[in-house]
Amino acid sequence: RAVKEIKPKIFLAENVRGLLNHDRGRTLSTILSVFEEVGYTVYPPELLKAIHYNVPQKRERLIIVGKRKDIKTNYNFPVGNSTIFTLKDALKKGRLFDSNVPKSPGLAYPKRKKEILDLVPPGGYWRDLPLDIQKEYMLRSFYLGGGKTGMARRISWEEPSLTLTCSPCQKQTERCHPDETRPFTVREYARIQTFPDNWIFSGSIGNQYKQIGNAVPVNLGKELGYSLIRFLNDYYENKKN
């Protein structure tokens, strides 16, 4: 509705990877056809990996771009790079930030969960636990198929973080600190999403985690913004000629 009423020269929308296969692709197909009906040429959606855009996190976002049908200028998605940043780059002074991550509040694990996660090495997960502890922690999931690599997962300093969720200590998507047996703090969460340290989050700690976990990584958003600026610059340059 916003695109139909405003009629921008170009629009950009983003969503999760799951939209590609939702209802066997019919949901996405319907979305694209509606944009076409209101006067837009929609480019084939691109699944962009945040790690290729200076983000120390294995996160993917589906990007949809459409331009008004009367505009001839072509849009190009941002080109990623081969430099991969790690959790160390996110939380320590170095290639991404000019200081260590600031102290901030965060959640804590219950006593028994902490005792179990104490046994997991950096980069490890539930399969690195003793067999009897695996069964205790995984319960019925122990006997089901699939790797479940997010469960009892401790991130390594030398790898990008796994995708952050709205909560730092959900059992299915565990994100434990490499050295300390605890979830990432609010500011650590923000660093992994490449927010600047002076960006303020409001509300309860739970709401702050949710705001950060739901966000598009800042550095990925920046590259998408630059791609729109390039498109508009080309459009106005062509118009002059």
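Residues numbered from 1 in each chain as written. Predicted model: local features only at pLDDT ≥ 70, side-chain atom pairs only at ≥ 80, totals over all residues. Heavy atoms only, no water.

Draft legend 1. Looking closely at the overall build of the protein chain. Counting its secondary structure elements, the protein chain contains eight helices and six strands. Going from N to C terminus, the protein chain has its helices and strands arranged as α-β-α-β-β-β-β-α-α-α-β-α-α-α. The principal-axis extents of the C-alpha atoms in the protein chain amount to approximately 70 × 45 × 35 Å. Each of the 241 residues in the protein chain was classed as buried or not, and the buried ones make up 43%. The contacts of the protein chain with a sequence gap of at least 6 include a subset with a gap of at least 24, amounting to 64%. Roughly 13100 Å² of accessible area belongs to the protein chain as shown, and the carbon and sulfur atoms make up 53% of that amount. Between the centroid of the 40 positive side chains of the protein chain and the centroid of its 25 negative side chains there is a distance of 3 Å. (Helix = DSSP H or I, 4+ residues; strand = E, 2+ residues; numbered from the N terminus. Buried < 20%, exposed > 50% of the residue type's maximum accessible area, 1.4 Å probe, protein only. Contact = heavy atoms within 4.5 Å. Areas by Shrake-Rupley, 256 points an atom, 1.4 Å probe, with all protein chains shown as cover. Lys, Arg positive; Asp, Glu negative; His and termini not counted. Charge placed at Lys NZ, Arg CZ, Asp CG, Glu CD.)

Draft legend 2. Representation of unusual backbone geometry in the model. Positive phi is not limited to glycine here, since K7 has a value of about 55°. In this structure, K7 sits in the loop between α1 (2–6) and β1 (10–15). In this structure, L139 takes a positive phi of about 55° despite not being glycine. Topologically, L139 is positioned in the loop between α5 (131–138) and β6 (161–162).

Draft legend 3. Geometry of the side chain of T165. Examined against the element boundaries, T165 turns out to sit in the loop between β6 and α6 (186–192). Using a relative accessible area of 17% as the deciding quantity, one classes T165 as buried. Polar side-chain contacts of T165 include one of 3.3 Å to the side chain of Q170. The contact partners of T165, leaving out residues within four places of it in the chain, are Q170, T173, Y189, Y209 and G213. (Polar contact = N/O pair within 3.5 Å; in protein donor to acceptor, adjacent residues only side chain to side chain.)

Draft legend 4. Inspection of α5 at higher detail. What α5 keeps buried is the set I133, Q134, Y137 and M138. The arc that holds every buried residue of α5, seen down its axis, measures 115°, which confines them to one face. When the buried face of α5 is taken as reference, the exposed residues oriented beyond 90 degrees from it are L131 and D132. Residues of α5 that are buried make contact with α4 (111–117). Backbone geometry just after α5 places L139 at a positive phi near 55°. (Arc of directions from axis to C-beta.)

Draft legend 5. Geometry of the nonpolar core. Counting 18 residues, the largest nonpolar core has L87, L91, F184, Y189, I192, F195 and I212 as the members making the most contacts within it. Broken down by secondary-structure element, the contributors of at least two residues to this core are α3 (87–91), α6 and α7 (205–214). Considering every element that reaches this core, the biggest residue donor is α6, with four residues. If near-sequence neighbours (up to four positions away) are discounted, L91 is found in contact with N100, V101, W157, F184, E188, R191 and I192. I10, F77, F231 and Y235 belong to the second-largest nonpolar core, a separate cluster that totals 15 residues. (Core = buried A, V, L, I, M, F, W, Y, C linked by side-chain atoms within 4.5 Å.)

Draft legend 6. A look at helix α2 (residues 26–37). The end-to-end C-alpha separation of α2 is 16 Å, in line with the 16 Å expected for 12 residues at 1.5 Å each. The complete set of buried residues in α2 reads L28, L32 and F35. Axial view of α2: buried residues confined to an arc of 55°, hence all on one face. Summarising the contacts, the buried residues of α2 are in contact with α1, β1, β2 (40–42) and β5 (60–68). (Expected span 1.5 Å × (residues − 1).)

Draft legend 7. Spotlight on the pattern of salt bridges. Tallying each qualifying case throughout the model produces 19 salt bridges. As a salt-bridge pair, R17 and E60 come within 2.6 Å of each other at their nearest N and O atoms. You can see R17 sitting in the loop between β1 and α2 and its partner E60 sitting in strand β5, a full 43 residues away along the chain. Look at R17 and you get partly exposed, because its relative accessible area is 44%. The closest approach of N and O atoms between K113 and E174, which form a salt bridge, is 2.7 Å. (Salt bridge = Lys/Arg side-chain N within 4 Å of Asp/Glu carboxyl O.)

Draft legend 8. Structural context of the pairing of β5. The buried count for β5 comes to seven of nine residues, which makes it a mostly enclosed element. Where β1 lies against β5, six bridges are found, and the strand directions are antiparallel. Bridging from a neighbouring strand, I10 pairs with K67 of β5. In this structure, β2 lies alongside β5, joined through three bridges in antiparallel fashion. (Pairing = 2+ DSSP bridges.)

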